[in-house]
Amino acid sequence: MPVNALPPLPRLIGHRGAASLAPENTLAGFRKAAEAGARWVEFDVRLAGDGRCILLHDDTLDRTTSGRGRADLLGFEELRRLDAGAWFGPGFDGERIPSLEEAIELLAELGLGANVEVKPGPGAEAATGKAVAEVLRARWPKSLPTPLVSSFKEAALAAFREAAPEFPRGLLFSAVPPDWRARAESLGCVTIHCNHNRLTRTQAREIIEAGFPILAYTVNDPARAEELWDWGVATMITDCPDRLLAVMPTALT
Ligand code: G3P
Ligand code: MG
C-alpha cells in the first residue's frame, strides 16, 4: 500500500463503538456496532499512567467507570479493576477499559475497520501519538482496511506521523477554522473531521473541492445524515448506526 493511502471510507462509522447501544469505548460497543451493520468504528485512545494505550474518552474516570479522578494516575492493571459498563445500563456490568491491543484483536475478529482518535491527556500529546503509532505498527492486521488516525491535537498527529508515517491521518476540528487547509497539509492529513453542527454548506464545498473527504460527528438524526450526504460529506460518525443504516440503501454502506 502506498504511504498514507486512504482506504475507501464507509458512509457511516460507529461513534465510540456504538455509543447509543452500548457503553462507549468498550468491546461490547464494537460488538453492537457490528451487529447493527456498521463496517467501521471510531474510538478514543489515551495513555494509562504506565504508558499503555487504553480506550477512554475523558481525562477522568468519573463519567464512564466505577473509578474516580485522573485516568493517567493509574496503571493499566489498576484501571482494569474498574467497571466500565454498569453506568450505561443493565447487561453491561463487567465491561472493562480495553487496551488498544485487545481492541484491535476484536476488530480483526469482527472484520471492523477503524478511525482511531488519539485523545491525549494534558501534556501527553507527543507521547500518546508515538505510543499509538507503535501499537498500530506492531498489531494492526493485514486482513482489515488500514486505520484512519485522527486527533484534535496537532502535536499528537505530528508525533504519530514521525513514528508511523504510513498510516493515513485526519485532522479533527470542532468548527473548521479558516486556515484548515494549511494546518492539514503541514501534518500530511488527508481527511477533515468536524462537528456537523458547526459545518456550513459553503465550507463543506470548499473542503471537498480541495480533495479532502469530510467525516462529520456526531450525526444521530437520519434526516440530517441524508442532508450531509447530499452536501457530499463522505462519512457520518454516529452513536446510532442502526438508525442511520435504516435510511441508507445497502449499496451506500
Ligand atoms: O472523532 C470524532 C469525535 O469522536 C470527536 O469528538 O469528543 O466524541 O471524541 P469526541
Ligand atoms: Mg472521539
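Reading the values: rules and limits
Residues numbered from 1 in each chain as written. Chains lettered and ligands numbered in written order. Predicted model: local features only at pLDDT ≥ 70, side-chain atom pairs only at ≥ 80, totals over all residues. Heavy atoms only, no water. Helix = DSSP H or I, 4+ residues; strand = E, 2+ residues; numbered from the N terminus. Rg over C-alpha atoms; globule rule 2.2 N^0.38 Å. Buried < 20%, exposed > 50% of the residue type's maximum accessible area, 1.4 Å probe, protein only. Areas by Shrake-Rupley, 256 points an atom, 1.4 Å probe, with all protein chains shown as cover. Lys, Arg positive; Asp, Glu negative; His and termini not counted. Charge placed at Lys NZ, Arg CZ, Asp CG, Glu CD. Donors = N, O, S within 2.8 Å, 3.2 Å for Na, K, Ca; no water. Near = heavy atom within 4 Å. Polar contact = N/O pair within 3.5 Å; in protein donor to acceptor, adjacent residues only side chain to side chain. Salt bridge = Lys/Arg side-chain N within 4 Å of Asp/Glu carboxyl O. Phe/Tyr/Trp six-rings, centres within 6.5 Å; stacked < 30°, edge-to-face > 60°. Lys NZ or Arg CZ within 6 Å of the ring centre and 35° of its normal. Core = buried A, V, L, I, M, F, W, Y, C linked by side-chain atoms within 4.5 Å. Contact = heavy atoms within 4.5 Å.

## Here's the deal with the overall build of the chain
Counting its secondary structure elements, the chain contains nine helices and nine strands. Expected size for 253 residues packed as a compact globule is a radius of gyration near 18 Å; at 17 Å, the chain falls within 12% of this value. Judged by the C-alpha coordinates and their principal axes, the chain covers about 50 × 40 × 35 Å. Counting only residues that meet the buried cut, the chain has 55% of its 253 residues in that class. Total accessible area computed for the chain in this model is approximately 10500 Å², and 50% of it derives from carbon and sulfur atoms. Positive and negative side-chain charges in the chain, numbering 28 and 34 respectively, have mean positions lying 2 Å apart.

## A word on the coordination of the magnesium ion (ligand 2)
Around the magnesium ion (ligand 2), the protein contributes the donor atoms Glu42 (OE), Asp44 (OD) and Glu117 (OE), which lie 2.0 to 2.2 Å from the metal centre. Counting along the primary sequence, the residues that act as donors to the magnesium ion (ligand 2) give the motif E-x1-D-x72-E. One end of the pair, Glu42, is in strand β2 (residues 40–47); the other, Glu117, is in strand β4 (residues 113–118), and 75 residues separate them in sequence. Both residues of the pair, Glu42 and Glu117, count as buried.

## Observations regarding the site of ligand 1
Taken together, His15, Arg16, Glu42, Asp44, His57, Glu117, Lys119, Phe152, Leu172 and Tyr217 form the complete shell of residues around ligand 1. Within the contact set of ligand 1, an oxygen atom lies 2.8 Å away from a side-chain nitrogen or oxygen of Glu117. When ligand 1 is considered free in solution it has 290 Å² of accessible area, and contact with the protein chains removes 92% of it.

## Quick look at the pattern of salt bridges
For the structure shown, the criterion picks out 15 salt bridges. We note a salt bridge from Glu24 to Arg16, for which the minimum N-O separation is 3.0 Å. Neither residue differs from the other here; Glu24 and Arg16 are each classed as buried. Residue Asp59 pairs with Arg46 through a salt bridge whose shortest N-O separation is 2.9 Å. A residue pair is termed long-range when its members are at least 10 positions apart, and Asp59 in the loop between β3 (53–55) and α2 (76–79) and Arg46 in strand β2 qualify at 13 residues.

## What to know about the packing of aromatic side chains
Tallying each qualifying case throughout the model produces six aromatic pairs. Judged by centre distance (5.6 Å) and plane angle (85 degrees), the ring pair of Trp87 and Phe88 falls under edge-to-face. In this structure Phe88 comes out as partly exposed when scored by relative accessible area, which is 26%. Ring plane angle 85 degrees and centroid distance 5.4 Å describe the contact between Phe88 and Phe92, whose orientation is recorded as edge-to-face. Ring-pair connections join several aromatic residues into one group, and the members of that group are Trp87, Phe88 and Phe92. The ring of Phe76 carries Arg52 above its face, with NZ or CZ at 4.3 Å from the centroid. One Lys or Arg, Arg224, reaches over the ring of Trp231 and ends 5.0 Å from the middle of that ring.

## Here's the deal with helix α8 (residues 222–231)
For α8, every residue scored as buried is listed here: Pro222, Arg224, Ala225, Leu228, Trp229 and Trp231. Capping the start of α8 is the job of one residue whose side-chain oxygen sits 3.1 Å from the backbone nitrogen of Ala223: Asp221. Just past α8, the residue Gly232 takes up positive phi, approximately 105 degrees.

## Quick look at the nonpolar core
By size, the foremost hydrophobic cluster in this structure holds 59 residues, and its most contacted members are Phe30, Phe43, Leu100 and Leu199. What Phe30 contacts, discounting residues up to four positions off in sequence, is Gly17, Val41, Phe43, Leu55, Ala103, Leu106, Leu107, Leu110 and Leu112.

## Quick look at the environment of Ala19
Here Ala19 lies in the loop between β1 (12–14) and α1 (27–36). Classification of Ala19 as buried rests on a relative accessible area of 19%. Setting aside residues up to four positions removed in sequence, Ala19 forms contacts with Glu24, Phe88 and Asp239.

Structural measurements only, silent on function.
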